[in-house]
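Observations on the model geometry
Chain by chain, the residues:
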Amino acid sequence: MTTHTTHTTHTTDADFAKDVLGSELPVLVKFTADWCGPCRQLTPVLDALATEEAGRLRIVEIDVDRNPETTLTYGVLAAPTLMVFRAGEPVKSIVGARPKRRLLADLEEVLRPTRA
């Protein structure tokens, strides 16, 4: 049981299609691992982003060691890798940890509402 609330959810190979590809909102997927220091540094940044962008963006984590199928499917070679999915397709990939301000700048184009 965790003591802090988070808007970040966890997914697996089995649930990836439902949790990410089938989402109405854009989804930022954090490909992570327990042994990855930069991944841990990114956790509070993504928790804050998930709270601030709730309703515009979902944030989902997947462990690369426990979920090799999804990791291979999307060609993830390093942790952390952040990948944004919109309408079931990857539209942006970011490798490595970064501060919140830079992450927001990197994500600006995918967070902008799309025109129909």
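The model shown is predicted, which means the values in this text are computed figures rather than measured ones.

The rules behind these values
- Residues numbered from 1 in each chain as written.
- Predicted model: local features only at pLDDT ≥ 70, side-chain atom pairs only at ≥ 80, totals over all residues.
- Heavy atoms only, no water.
- Pairing = 2+ DSSP bridges.
- Helix = DSSP H or I, 4+ residues; strand = E, 2+ residues; numbered from the N terminus.
- Axes fitted to C-alpha atoms, helices over the stretch in contact; angles between N-to-C directions.
- Contact = heavy atoms within 4.5 Å.
- Disulfide = S-S within 2.5 Å.
- Buried < 20%, exposed > 50% of the residue type's maximum accessible area, 1.4 Å probe, protein only.
- Core = buried A, V, L, I, M, F, W, Y, C linked by side-chain atoms within 4.5 Å.
- Salt bridge = Lys/Arg side-chain N within 4 Å of Asp/Glu carboxyl O.

A few words on the sheet that holds strand β3 (residues 58-63). The strand order across the open sheet formed by five strands is β1-β3-β2-β4-β5, and the pairing between neighbours is mixed. At either end of the open sheet lies a strand with only one pairing partner, and these are β1 (8-11) and β5 (89-95). Looking at each pair of strands side by side, their axes are set apart by 25° on average, direction ignored. Each of β1, β2 (27-32), β3 and β4 (81-86) is contacted by helix α2 (residues 37-52), which is oriented at about 165° to β2, the strand it contacts most. The strands touched by helix α4 (residues 100-111) are β2, β4 and β5; relative to β5, the strand with the most contacts, the crossing angle is about 165°.

Per the counting criterion, the structure on display carries one disulfide. Shown here is the disulfide that connects C36 with C39, its sulfur atoms set 2.3 Å apart. Between C36 and C39 the disulfide shows an S-S torsion of about 80°. By sign, it is right-handed. Assessed through its relative accessible area of 2%, C36 is described here as buried.

As a further point, take the nonpolar core. The biggest cluster of nonpolar side chains holds 15 residues, and the ones touching the most others in it are L28, L46, L49, I59, L82, L103 and L107. When residues of this core are traced back to their parent elements, those giving at least two are α2, β4 and α4. Ranked by residues supplied to this core, first place goes to α2 with five residues. Those residues within four positions of L82 in sequence are excluded, and the remaining contacts are L28, V29, K30, L42, L46, K92, S93, I94 and L103. The next biggest cluster of nonpolar side chains, apart from the first, holds 14 residues, and it includes F16, V29, F31 and C39.

Right, let's talk about the pattern of salt bridges for a bit. Using the criterion set out here, one finds eight salt bridges in the structure. Salt-bridge contacts for R66 lead to D34; the nearest nitrogen and oxygen are separated by 2.8 Å. Of the two residues, R66 is situated in the loop between β3 and α3 (68-73) and D34 in the loop between β2 and α2; the sequence distance between them amounts to 32 residues. One exposure class covers both R66 and D34, and it is exposed. In this structure, D63 and R66 form a salt bridge, with 2.9 Å as the shortest nitrogen-oxygen distance. What makes D63 buried here is its relative accessible area of 10%. On the basis of relative accessible area, R66 is assigned to the exposed category, the value being 56%.

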